[in-house]
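Here are the chains, one letter per residue:
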Amino acid sequence: MKKKWWLDTVVYQIYPKSFMDTNGDGIGDLKGIIRQLDYIERLGVNVIWLNPVNRSPMRDNGYDISDYYDIDSSLGTREDMEELICEAGKRHIKILMDLVVNHVSCEHKWFQDVLQNPESPYRDYFIIRETADGNAPNNFRNYFGDSVWTRIGNSNRFYFHTFAKEQPDLNWENPLLRQEICDIILYWQSKGIAGFRIDAIGNIKKSEKILSECKVPADGEDGLANGDDYLLNQPGIGEFLGELRDKAFKPYDSMTVAEVSVPQKDLEAYIGENGFFSMVFDFSYADIDTNGIIKPCEFAPWDLKDLKHCIYQSQEDTQKVGWAAPYLENHDQPRSVNKYLPDGEIQYYSITMLGVLYFFLRGTPYIYQGQEIGMSNYPFHDIRQFNDIGALATYKRAMDAGDSEEKIMDYLRRRSRDNARTPMQWSDEPYAGFTEGSPWMPVNPNFKEINVKREEADEKSVLAFYKKMIRLRRKSEYKEAIVYGFFEGIETNEAEDFIYKRIAENQEVLVTINYASRRRPWCVERADYDILLNNYDSIESEMQPYQAVVFGKK
Ligand code: GLC
Ligand code: CA
């Protein structure tokens, strides 16, 4: 594989609303990110991915953009954005924006024009169908649980939305619309943006079926049917993606990471040598507890064997054709410590073990704000505490389906995206030092123990360990293997052993993990290896609970 610049990166993801507030309105802002750039530099990462910052009515916290060329006033100004790009650049940190182009906000001027004027020149920017009987064209369900169709005013016309009704889908079949999107990308790159995380890009092509007048068998009490098979990775999507790559990304050699799960057979087209993107996010292990579930509030059972299988399989599939994007958390996921560790066992060793498990996989590792200090889920106990449009929709749908309040709250407590969106915990001051006003989301009550200030002063903190991992990857003599080396999963008979190698031409790194709360015998031959990183102070005759060691071959 050619050594592209973005192979040698570690990404830090920032959810701007919850990162750092500088003007006391309780909402994080771009100035807050600028203020914390030294922290990010000390962490050692070289790329920041910003969740959406464009102008937005914030129904889905920025994933509903009403002006692609502006910055939302709650977060700052275009000048702040330029200053952020410049200040980050001084610290050798590049910035990725979130590119949300499957849909816009219903407040975008294109859509507003369509609502007001049936002859609008933007009519064909959207997917609109008129029916003779005044019923929605079909009964497919959107990702947030309602119909994919919403009526326009009192008319018989309906617009299509993959997500909430406030997020009308754009019509990618229209070349004028595609040109607008290219222009947006080129504009931000001309401002110094180094690339994009690309939202919901697998949804831009719809099949005729989901757009046609039909009635399909319902799969829930709501009379609707899941539409995944008709609005994800549809044949023909490659034409749109190839055009984006050639016209928008190639001229700037940008880094692109797409939010799309790609079937193995298509992976090469997406991330191969001339793929559409630099890398794609894989959902197999992030969603291991919900994959394949259609009913709201149900979990999928999984165990360590499944987890290992998902991770190893994803690594092997990916390295055949391209580059991976390993992650444990993002703004759509609950905190990883709660997902992957048993209750009562969330502590320094287990948290750093999870870190090692994913961080040395082959690909660009992503760290979500707060993950590096071991932030955990919020103890939600009342539906009124939630903000996320998705959580509220799930609640409604599950209530309608007759689920108990208790079951729904248990699900949301473990699974809601709001878990990741509570304010970043900077210190033990009021509101964790996030704001001097009152925060838009409650601060996790554990902020006195879990915060940046405390962990920066403690050599044996999760934060200190993350810094070591990042340094080992970016600056050590084993970099060749850790960054570029091939992945080889090592099988043992024990589910709790997670062992893999990273192999380069003249170098080898061995990652050994005891994913268990008890001591267990060593499962690898260590004689030929030096210790590069260890979450314990020493190596004993047995592996310690949740011990994680990175070895380098002598
Ligand atoms: C992506 C985003 C998510 C958002 C959705 C709709 O999945 O990650 O936060 O709600 O797209 O834009
Ligand atoms: Ca603010």
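Above: the structure in question.
Reading the values: the criteria
- Residues numbered from 1 in each chain as written.
- Chains lettered and ligands numbered in written order.
- Predicted model: local features only at pLDDT ≥ 70, side-chain atom pairs only at ≥ 80, totals over all residues.
- Heavy atoms only, no water.
- Pairing = 2+ DSSP bridges.
- Helix = DSSP H or I, 4+ residues; strand = E, 2+ residues; numbered from the N terminus.
- Axes fitted to C-alpha atoms, helices over the stretch in contact; angles between N-to-C directions.
- Contact = heavy atoms within 4.5 Å.
- Donors = N, O, S within 2.8 Å, 3.2 Å for Na, K, Ca; no water.
- Buried < 20%, exposed > 50% of the residue type's maximum accessible area, 1.4 Å probe, protein only.
- Near = heavy atom within 4 Å.
- Polar contact = N/O pair within 3.5 Å; in protein donor to acceptor, adjacent residues only side chain to side chain.
- Areas by Shrake-Rupley, 256 points an atom, 1.4 Å probe, with all protein chains shown as cover.
- Phe/Tyr/Trp six-rings, centres within 6.5 Å; stacked < 30°, edge-to-face > 60°.

**Considering the sheet that holds strand β15 (residues 486-490)**
- The strand order across the open sheet formed by 5 strands is β15-β16-β17-β21-β19, and the pairing between neighbours is antiparallel. Strands at the two margins of the open sheet, each flanked by one partner only, are β15 and β19 (529-534). Neighbour to neighbour, the strand axes of the sheet diverge by 25 degrees on average, direction disregarded.
- Bridge analysis of β15 against strand β16 (residues 497-504) gives 5 bridges, and the strand direction is antiparallel. Of the residues in β16, the one forming a bridge with Gly489 is Tyr500.
- Contacting β16, β17 (507-514) and β21 (548-553), helix α12 (residues 348-359) runs over the sheet at an angle of about 145 degrees to β17.

**Observations regarding the coordination of the calcium ion (ligand 2)**
- Coordination of the calcium ion (ligand 2) by the protein involves Asp21 (OD), Asn23 (OD1), Asp25 (OD), Ile27 (O) and Asp29 (OD), with metal-donor separations of 2.3 to 2.4 Å.
- Mapped onto the sequence, the residues coordinating the calcium ion (ligand 2) show the spacing D-x1-N-x1-D-x1-I-x1-D.
- Residue Asp29 is classed as buried on the basis of its relative accessible area, which comes to 5%.

**Section: the side chain of Ser66**
- The residue Ser66 is located in the loop between β3 (54-55) and β4 (67-71) in this model.
- Setting aside residues up to four positions removed in sequence, Ser66 forms contacts with Arg55, Ser56, Pro57, Ser105, Glu107, His108 and Lys109.

**Here we look at the site of ligand 1**
- Within the structure, ligand 1 sits among 13 residues, and Asp60, Asp199, Glu259, His331 and Asp332 are positioned closest to it.
- The separation between an oxygen atom of ligand 1 and a polar side-chain atom of Asp60 is 2.6 Å.
- Between Glu259 and ligand 1, the recorded distance is 2.8 Å, taken from a side-chain N or O atom to an oxygen atom.
- A total of 300 Å² of accessible area belongs to ligand 1 in isolation, and the protein chains cover 96% of it.

**Let's talk about the packing of aromatic side chains**
- Under the criterion given, the structure shown has 38 aromatic pairs.
- Their ring planes at 65 degrees and their centres at 6.2 Å tell us that Tyr12 and Phe19 sit as a pair that is edge-to-face.
- We classify Tyr12 as buried; its relative accessible area is 0%.
- The buried category is assigned to Phe19, whose relative accessible area is 0%.
- Ring plane angle 45 degrees and centroid distance 6.2 Å describe the contact between Phe196 and Phe249, whose orientation is recorded as tilted.

Nothing here speaks to function; it is geometry throughout.
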